[in-house]
Amino acid sequence: MLKRFVQSLPPLSLSSMPNRFNPKSTVRPFHRNHYSRRQAGQQQNQSYSKYPRNDYARQMDRKNDLLHVRNLPKDTRHGMAMYKAATTKVKNTLAKSHESWINKFPHFERLNQMTYKPSATEPLDKYLTQIETYYKGLQKKSNESLAGKIEVLDKQWIKQSGKVPDVKLTDDKDAVAYKKQLKDLKKSHYPTVYCSPGSTTFDYLHRSIELLSSRSTILFSFDIEAFELDNSVVTEVGISIFDPRENMTGLVPITRNFHIIVSEALSLRNKKWVCDLKECYLMGQSLVLNLNETVEFIQSLINYYMVESTEESRTWNRAYVGHNIDGDIKWLQNIGVEIPFVNKLNKTLNESSKGIPYVLDTMKLYNGCYGPNGGSLGKILRLFGLPHAFLHNAGNDAHYTLELLMHMCDINFRTQYGLDDLDKFQRRAQEFMDRSKIEPKVLPISYSITMKDVARTSKPKKDLVPQTEFGGSKWFASANEAFESTIEYTGSLF
């Protein structure tokens, strides 16, 4: 009897399932009305007395793919028109004054009273001398090896056609074929010393290591995520700061990490060209601010960390950090952020004029050492064995860019991991490039299993989002309040 009844039931189709659990689409983000009021007369479960049960199908606003934001006012408006209107109303009151409300916190006020004291540089000097000698010898061997390979190629051409084609001829078929073989030969030649001693690329590597290993430089890393259909629209800003004044004696590096989501761009989601991972910030809670407060937040950080304000603060170096950073600087300027000395920033890392920040670009540093293969942030992190996840979230990218720079400029890490073994890393980079062309992207198994389980039932036991847990997002009315929420502890117990 029961068997006949089950057989008579209509087959389960995906179309009858709630939108949230459709395995054909990715997991949809939370809407801001995630925690709504109960219906009149509806009883609330005692275990959910603070947060009513998440009935995703009912709560989801199908017109907008918004993430859940705590404290977000109901009258918050967003979209392309609202963002464009907000750009005309930005009033950066801190731009010219170079003031920062961060100084009101005693901990940060004390940092500006600390003077840089040079430490022993013998290990650093020894390492820099060693790599200069090593790279000179490596370049000589590499050039000799490449010359031998070209000689073999030329002999093959002479044997086949009686002469080596003139590479200056552009219409000659033999010349075109010879140039292609020569190009392929050079591409497959390892190692190639791009940062030969005496060149500007070697000086950039040398100076980068010197600035970080001396612990004299405040590092201000940032990353911007823009809307793919209109790149003038900034949707997220990530900032990660390493201040050596907070790391004088510690074993574990302390960094200040921030992920800001522009409230006017909440409903603008990327999906065609890049992933939209606003919800996936790994360093804590995301801060949702309107565009004007976003600009004030960033400006206050820049004014505090990147502008000299006391005699003691003038003893420290400062550097902006990014991965292909020029575009990110322009994005900040376009939304109204003032970059002090923007036309004088020291991008070559020569001896800086007083008060002028340096610019440290991890892409430039990588390409200068290992060449153009695999220069994306994710590929470089993978190449050096640095754990990472959820790239294309601005906060994560800023943090990982800072972490990458610190590893590439740490003489102990370079020595132990063999970063100066150019042959090893250039071959590995090419291997990763070749594999990426034939291997599929690998999703976490938890995600795949969850989606398969969801397809089997339209009534899951719990309201769970696949992957992992994140810090969520919270709206703040002012940049000052948002910054204060990120401070765990700035007092003193002793």
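All values reported here derive from a predicted model rather than from experimental measurement.

Novice: I would appreciate a short explanation of the overall build of the chain in the present structure.
Specialist: Within the chain one finds 16 helices and eight strands. A separation of at least 24 residues holds for 75% of the contacts in the chain among residues at least 6 apart in sequence. Working note: accessible area of the chain is about 27,500 Å², and carbon and sulfur atoms make up 53% of it.

Novice: When you look at the nonpolar core in this model, what are you seeing that I'm missing?
Specialist: When a protein is soluble and globular, its nonpolar side chains tend to lie buried together. Counting 51 residues, the largest nonpolar core has Phe 220, Phe 297, Leu 301 and Phe 483 as its most contacted members. Considering each element in turn, this core owes the most residues, eight residues, to helix H8 (residues 291-305). Excluding residues within four positions of it along the chain, Phe 220 makes contact with Ile 239, Ser 240, Ile 241, Leu 301, Ile 302, Tyr 305, Met 306, Ala 319, Tyr 320 and Val 321. Tyr 127, Leu 138, Phe 384 and Tyr 400 belong to the second largest nonpolar core, which has 45 residues in total.

Novice: What am I meant to see in unusual backbone geometry here?
Specialist: Note the cis peptide between Tyr 190 and Pro 191, where omega equals -10°. By the element assignment, Pro 191 lies in the loop between helix H6 (173-187) and helix H7 (200-213). For His 98, which is not glycine, the phi dihedral falls at a positive 60°. With respect to the element layout, His 98 can be found in the loop between helix H3 (80-87) and helix H4 (106-111). Assessed through its relative accessible area of 34%, His 98 is described here as partly exposed.

Novice: It is not clear to me how a negative patch on the surface should be interpreted in this structure. Could you clarify?
Specialist: A contiguous patch of negative charge on the surface is contributed by Asp 166, Asp 171, Asp 172 and Asp 174. Counting through the fold element by element, Asp 166 comes out in the loop between helix H5 (122-161) and H6. Of the residues examined, Asp 166 reaches a relative accessible area of 40% and is grouped as partly exposed.

Novice: How should the confidence of the model for the chain be read in this particular structure?
Specialist: Do not read the predicted coordinates in detail wherever pLDDT is low. Averaged over all residues, the pLDDT of the chain equals 83, while 80% of them reach at least 70. Throughout residues 12-64 the model reports pLDDT below 50, and contacts reaching past four residues in sequence, or to other chains, amount to 89 contacts.

Novice: Any chance you could explain the pattern of salt bridges here in plain terms?
Specialist: A side chain with one charge can pair with a side chain of the opposite charge if their charged atoms come near. According to the stated counting rule, one finds 16 salt bridges in the structure shown. When the shortest N-O distance is used, the salt bridge between Lys 155 and Glu 151 registers 3.7 Å. Taken together, the positions of Lys 155 and Glu 151, both in helix H5 and four residues apart, correspond to about one turn of that helix. Assessed through its relative accessible area of 45%, Glu 151 is described here as partly exposed. Residue Arg 256 pairs with Glu 246 through a salt bridge whose shortest N-O separation is 2.7 Å. Of the two residues, Arg 256 is situated in strand E4 (residues 255-262) and Glu 246 in the loop between strand E3 (230-242) and E4; the sequence distance between them amounts to 10 residues. For the pair Arg 256 and Glu 246, a shared accessibility class is recorded, and that class is buried.

Novice: What is the right way to look at the environment of Thr 87 in this model?
Specialist: Along the chain, Thr 87 turns up in helix H3. Along the sequence, Thr 87 and Ile 335 sit 248 residues apart, while their C-alpha atoms lie 6.6 Å from each other. There is a polar contact of 2.5 Å between the side chain of Thr 87 and the backbone oxygen of Lys 84.

Novice: In this structure, what is going on with the packing of aromatic side chains? I would like to understand it.
Specialist: For any pair of aromatic rings, the description rests on two quantities: the centre-to-centre distance and the angle between the ring planes. With the rule as written, the count across this model stands at 23 aromatic pairs. When the ring of Tyr 134 is compared with that of Tyr 135, the centres are 5.7 Å apart and the planes differ by 50°; the resulting orientation is tilted. Residue Tyr 135 is classed as buried on the basis of its relative accessible area, which comes to 0%. Positioned over the ring face of Phe 432 is Arg 382, at 4.2 Å from the centre of the ring. In this arrangement the basic side chain of Lys 424 is found over the ring face of Tyr 417, its NZ or CZ atom lying 5.3 Å from the centre.

Novice: Can you walk me through the packing of helix H10 (residues 362-370) against helix H12 (residues 394-408) in this structure?
Specialist: Think of two packed helices as two axes; the pair is described by the angle between the axes and how far apart they sit. Two elements in contact, H10 and H12, have axes separated by 10 Å at closest approach and are oriented at 40°. It follows from the interaxial angle that H10 and H12 lie oblique. Taken as a pair, H10 and H12 cross one another with a handedness that is left-handed. Each of Thr 362, Leu 365, Tyr 366 and Tyr 370 in H10 lies in contact with H12, whose residues at this interface are Thr 401, Leu 404, Leu 405 and Met 408. Grouping the amino acids of the contact of H10 with H12 by side-chain chemistry returns six nonpolar, two polar and no charged.

Novice: Help me out: how do you make sense of the pairing of strand E5 (residues 286-289) in this one?
Specialist: Look at any regular strand and the pattern is simple: side chains alternate between the two faces of the sheet. Because side chains alternate across E5, one face comprises the buried residues Ser 286 and Val 288, and the other comprises Leu 287 and Leu 289, equally buried. Sheet analysis places E4 next to E5, joined by three bridges and oriented parallel. Bridged to Ile 261 within E5 is Val 288.

Novice: Is there a simple way to explain the environment of Tyr 305 in this structure?
Specialist: By the element assignment, Tyr 305 lies in helix H8. When the C-alpha positions of Tyr 305 and Arg 318 are compared, they lie 7.7 Å apart, and in sequence the two are 13 residues distant. Contact partners of Tyr 305, with chain neighbours within four places excluded, come to Phe 108, Ile 218, Phe 220, Ile 241, Asp 243, Arg 245, Arg 256 and Arg 318.

Novice: Explanation requested: the packing of H7 against H10 in the structure shown.
Specialist: Put simply, H7 and H10 touch, their axes get as near as 9 Å, and they point 125° apart. The orientation of H7 relative to H10 falls into the category oblique. Relative to H10, H7 is oriented so that their crossing is left-handed. Within the contact between the two elements, H7 uses Thr 201, Tyr 204, Leu 205 and Ser 208 and H10 uses Lys 364, Leu 365, Gly 368 and Cys 369.

Novice: Could you clarify how one ought to interpret the sheet that holds E3 in this entry?
Specialist: The strands making up a sheet associate through hydrogen bonds between their backbones, and the pairing can be parallel or antiparallel. Here we have eight strands laid out as an open sheet, ordered E1-E8-E5-E4-E3-E2-E6-E7, and mixed in their pairing. Edge positions in the open sheet fall to strand E1 (69-70) and strand E7 (358-361), since each of these has one partner strand only. With four bridges connecting them, strand E6 (residues 317-322) and E7 associate as parallel partners. By the bridge assignment, Ala 319 is partnered in E7 with Tyr 358. Set on the sheet, H3 makes contact with strand E2 (217-227), E3 and E4; between it and E3 the angle comes to about 65°. Each of E6 and E7 is contacted by H10, which is oriented at about 60° to E7, the strand it contacts most.

What counts and how
Residues numbered from 1 in each chain as written. Predicted model: local features only at pLDDT ≥ 70, side-chain atom pairs only at ≥ 80, totals over all residues. Heavy atoms only, no water. Helix = DSSP H or I, 4+ residues; strand = E, 2+ residues; numbered from the N terminus. Contact = heavy atoms within 4.5 Å. Areas by Shrake-Rupley, 256 points an atom, 1.4 Å probe, with all protein chains shown as cover. Core = buried A, V, L, I, M, F, W, Y, C linked by side-chain atoms within 4.5 Å. Buried < 20%, exposed > 50% of the residue type's maximum accessible area, 1.4 Å probe, protein only. Patch = residues over 30% accessible without salt bridge, like charges linked within 9 Å, V, L, I, M, F, W, Y side chains within 5 Å. Salt bridge = Lys/Arg side-chain N within 4 Å of Asp/Glu carboxyl O. Lys, Arg positive; Asp, Glu negative; His and termini not counted. Charge placed at Lys NZ, Arg CZ, Asp CG, Glu CD. pLDDT = per-residue confidence, 0-100. Polar contact = N/O pair within 3.5 Å; in protein donor to acceptor, adjacent residues only side chain to side chain. Phe/Tyr/Trp six-rings, centres within 6.5 Å; stacked < 30°, edge-to-face > 60°. Lys NZ or Arg CZ within 6 Å of the ring centre and 35° of its normal. Axes fitted to C-alpha atoms, helices over the stretch in contact; angles between N-to-C directions. Parallel < 35°, antiparallel > 145°, perpendicular 65-115°, else oblique. Left-handed = near helix turned anticlockwise from the far one by under 90°. Nonpolar A, V, L, I, M, F, W, Y, C, P; charged D, E, K, R; others polar. Pairing = 2+ DSSP bridges.

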